[in-house]
Amino acid sequence: MTATILDGKKLASEIRKELSSKISSLSEGFTPILAVILVGENEASKIYVRNKKKAADEIGMGCEIIELASSIGENALLETIYELNDNPHINGIIVQLPLPPHINPLHILSAISPLKDVDGFNPYNAGLLACKEDNAIISATPKGILRLLKQSGVELSGKHAVVIGRSNIVGRPTSTLLLNQDCTVSITHSHTQNLPEIVKQADIIVAACGCPNLVKKDWVKEGAIVIDVGINKVDNKLCGDVDFTEVSSVASFITPVPGGVGPMTVAMLLENTFEAAIKQQSHHQHQHCKCKHCQS
Ligand code: GUN
């Protein structure tokens, strides 16, 4: 078997195009705006933030980057978030992770208004997802993974999904999302015993552990769908958590790195921001809003 590529780059580009036309047909003077908070000098984070801004610019969405020194205290960072929560022109707020070690990310992410939490990292949205509530804002990477799986056309219900990794930003929410699609989900991690044997049982593999080329051909059942979330650099070359060359000979579908999950994450962030903006706009139109901005 030679796997069909799940082309995230192409799908993401189609999604951005659709968003672009939806934005251009919004009423005069209404442009959804995403605020991105970048704390410190993490080089990878700077690249990710630059990519998000470029993607927003290209579809006519506003994107304000707020750069803060790594020495900023938790309270000052919270104040920045409260101001953005209160600013009716800002529709989405994300804080690029990781944060410097003296800042507790949970304190910061919990402060983002759940309606503007377009990364879906506020525990309130994570909780709504866990309760299978339709109004949860779903994190961009898990949402992008689900779109790629749907793109394969394969029925998800009843399939055994094995997720490698249990991070708050990928492994956990992806597991929950797949459970909500009626998959049987195994969550594996660095303490898992017999990892290859468990992965071998999977109809769907989501590799999100940050271990270069970990998943080998003999870990993968013939015909499995393989989603590779890894972005690793080895000898200055990008690679995923899956040994693509080997595994593409046994999988039915596989995502490449780069060009798989990565572009989908950005597209889903833009989609979340657009949808949040629409909800907020209708709130302001229908509720005779009493907030200080609508009163003035
Ligand atoms: N760091 C790694 N991935 C992400 C992401 O999707 N959003 C944010 N805010 N930070 C990240």
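Everything that follows concerns the structure shown earlier in this document.
Summary of the structure given here. (Residues numbered from 1 in each chain as written. Predicted model: local features only at pLDDT ≥ 70, side-chain atom pairs only at ≥ 80, totals over all residues. Heavy atoms only, no water.)

## Description of the site of the ligand
Right, on to step 1. The full set of residues close to the ligand is Lys-52, Val-95, Gln-96, Leu-97, Asp-119, Phe-121 and Ile-169.
Right, on to step 2. A distance of 2.8 Å is found between a nitrogen atom of the ligand and a backbone nitrogen or oxygen belonging to Val-95.
Right, on to step 3. Between the ligand and the protein, one listed contact pairs a nitrogen atom with a side-chain N or O atom of Asp-119 at 2.7 Å.
Right, on to step 4. Relative to its free-state accessible area of 280 Å², the ligand is covered by the protein chains to the extent of 82%. (Near = heavy atom within 4 Å. Polar contact = N/O pair within 3.5 Å; in protein donor to acceptor, adjacent residues only side chain to side chain. Areas by Shrake-Rupley, 256 points an atom, 1.4 Å probe, with all protein chains shown as cover.)

## Re the packing of helix 6 (residues 140–151) against helix 7 (residues 171–180)
Right, on to step 1. Packing of helix 6 against helix 7 brings their axes to within 9 Å, and their N-to-C directions diverge by 45°. As the angle between them shows, helix 6 and helix 7 are arranged oblique. As for the relative orientation of helix 6 and helix 7, their crossing is right-handed in sense. In contact with Pro-142, Lys-143, Ile-145, Leu-146 and Leu-149 of helix 6, helix 7 contributes Pro-173, Thr-174, Leu-177 and Leu-178.
Right, on to step 2. When the residues that make up the contact of helix 6 with helix 7 are grouped by side-chain class, the tally is 7 nonpolar, 1 polar and 1 charged. (Axes fitted to C-alpha atoms, helices over the stretch in contact; angles between N-to-C directions. Helix = DSSP H or I, 4+ residues; strand = E, 2+ residues; numbered from the N terminus. Parallel < 35°, antiparallel > 145°, perpendicular 65-115°, else oblique. Left-handed = near helix turned anticlockwise from the far one by under 90°. Contact = heavy atoms within 4.5 Å. Nonpolar A, V, L, I, M, F, W, Y, C, P; charged D, E, K, R; others polar.)

## A short note on the side chain of Ser-252
Right, on to step 1. With respect to the helices and strands, the residue Ser-252 is situated in the loop between helix 9 (244–247) and strand 11 (253–254).
Right, on to step 2. What makes Ser-252 buried here is its relative accessible area of 16%.
Right, on to step 3. Sequence-distant contacts of Ser-252, that is, excluding residues within four places in its chain, are made with Met-1, Ala-3, Thr-4, Gly-223, Ala-224 and Ile-225. (Buried < 20%, exposed > 50% of the residue type's maximum accessible area, 1.4 Å probe, protein only.)

## Details of the pattern of salt bridges
For side chains bearing opposite charge, pairing can occur when the charged atoms are close.
Right, on to step 1. If you walk through the whole model with that rule in mind, you get 10 salt bridges.
Right, on to step 2. One salt bridge in this structure joins Glu-271 and Lys-143, with 3.0 Å as the shortest N-O distance. Highlighted residues: Glu-271 in helix 10 (residues 261–286) and Lys-143 in helix 6, separated in sequence by 128 residues.
Right, on to step 3. When its relative accessible area of 10% is taken as the criterion, Glu-271 is described as buried.
Right, on to step 4. A salt bridge links Glu-275 to Lys-143; the shortest N-O distance between them is 3.7 Å. (Salt bridge = Lys/Arg side-chain N within 4 Å of Asp/Glu carboxyl O.)

## Looking at the packing of helix 1 (residues 8–24) against helix 6
Right, on to step 1. Packing of helix 1 against helix 6 brings their axes to within 11 Å, and their N-to-C directions diverge by 105°. When the axes of helix 1 and helix 6 are compared, the pair comes out roughly perpendicular. When helix 1 is examined against helix 6, the residues Gly-8, Leu-11 and Ile-15 are found in contact with a partner set consisting of Arg-147, Leu-148 and Gln-151.
Right, on to step 2. Grouping the constituent residues of the contact of helix 1 with helix 6 by class yields 3 nonpolar, 2 polar and 1 charged.

Purely geometric numbers; function is a separate question.
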